[in-house]
Amino acid sequence: MNVIYVDADACPVKDEALRVAERHGWEIHYVSNSWMRLPEGANVRRVVVQDGADEADNWIAERIGKGDIAVTADIPLASRCLKAGAQAIGPMGKPFTDASIGMALAMRDLSQHLRETGESRGFNASFTRQDRSRFLEALELAVQKVKRGQA
């Protein structure tokens, strides 16, 4: 059975991911470092990993495989998922691909360096309805790709 894995800590599209999973009869695993209020459903599995950096990421990366989809803003986790043959989508609807993941990792490292040196204070734009809509569309396309055997 295909699974959507959601890196649930700070994920703004938990409900949307469940809607797509239910529509297609897929399981959905919400993985987090602590208990949180999550959507309910017959196909929902809650996974609370031990507290620690990258524990949720490691849990997902160790289980995800071809035909599965990860929902994450964590670029290193997205890279690990792609290497496992899965698809990865950011909460704003941007799919990570083999062609784009290298640049995404490089930009992440550059941004981190700029924050550490004080050159940048970081900026996170607010999450919009358009972002939510883009995410739903991207996740639906990813599921359709699996169903057609293209993923």
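On a predicted model such as this, the values are computed, not experimentally measured, just so you know.

The rules we used
- Residues numbered from 1 in each chain as written.
- Predicted model: local features only at pLDDT ≥ 70, side-chain atom pairs only at ≥ 80, totals over all residues.
- Heavy atoms only, no water.
- 1 Å grid on protein atoms, 1.4 Å probe; cavity = no way out; pocket = protein on both sides within 12 Å on 5 of 7 lines; lining within 4 Å.
- Points joined across faces, edges and corners; volume = space filled by probe spheres on them.
- Helix = DSSP H or I, 4+ residues; strand = E, 2+ residues; numbered from the N terminus.
- Nonpolar A, V, L, I, M, F, W, Y, C, P; charged D, E, K, R; others polar.
- Buried < 20%, exposed > 50% of the residue type's maximum accessible area, 1.4 Å probe, protein only.
- Contact = heavy atoms within 4.5 Å.
- Pairing = 2+ DSSP bridges.
- Right-handed = clockwise from strand over helix to strand, strands pointing away.

Draft legend 1. How the structure looks around empty space enclosed by the protein. Tallied over the full model, the rule gives 1 cavity of 30 Å³ or more. Only strand 2 (27-32) and strand 3 (44-48) provide two or more residues apiece to the lining of the largest cavity. Among the elements that take part in the lining of the largest cavity, strand 3 stands out by supplying 3 residues, more than any other. Across the lining of the largest cavity, the residue classes break down as 6 nonpolar, 2 polar and 1 charged.

Draft legend 2. Representation of unusual backbone geometry. Positive phi, close to 70°, is recorded for Ala-10, a residue that is not glycine. Its location among the elements puts Ala-10 in the loop between strand 1 (3-7) and helix 1 (14-24). By relative accessible area, which is 78% here, Ala-10 ends up exposed. With a phi angle near 70°, Asp-54 is a residue other than glycine that sits in the positive phi range. The topology assignment puts Asp-54 in the loop between strand 3 and helix 2 (55-63).

Draft legend 3. Fine view of helix 2. When helix 2 is considered as a whole, its buried residues turn out to be Ala-56, Asp-57, Trp-59, Ile-60 and Ala-61. The secondary structure elements touched by the buried residues of helix 2 are strand 1, strand 2, strand 3 and helix 3 (75-83).

Draft legend 4. Representation of the environment of Asp-9. With respect to the helices and strands, Asp-9 occurs in the loop between strand 1 and helix 1. Along the backbone, Asp-9 and Ala-56 are 47 residues apart, and their C-alpha atoms lie at a distance of 8.7 Å. Setting aside anything within four residues of it in sequence, one finds Asp-9 in contact with Val-31, Ser-32, Asn-33, Ser-34 and Met-36.

Draft legend 5. Main features of the pairing of strand 2. Counting buried positions along strand 2 gives 5 out of 6 residues, so the element sits mostly inside the fold. The pairing of strand 1 with strand 2 spans 5 bridges and is parallel. Its bridge partner being in strand 2, Val-6 is matched across the sheet by Tyr-30. This β-α-β element, strand 1 to helix 1 to strand 2, shows right-handed connectivity. Pairing between strand 2 and strand 3: 5 bridges, direction parallel. In the strand pairing of strand 3, Tyr-30 is matched with Arg-46.

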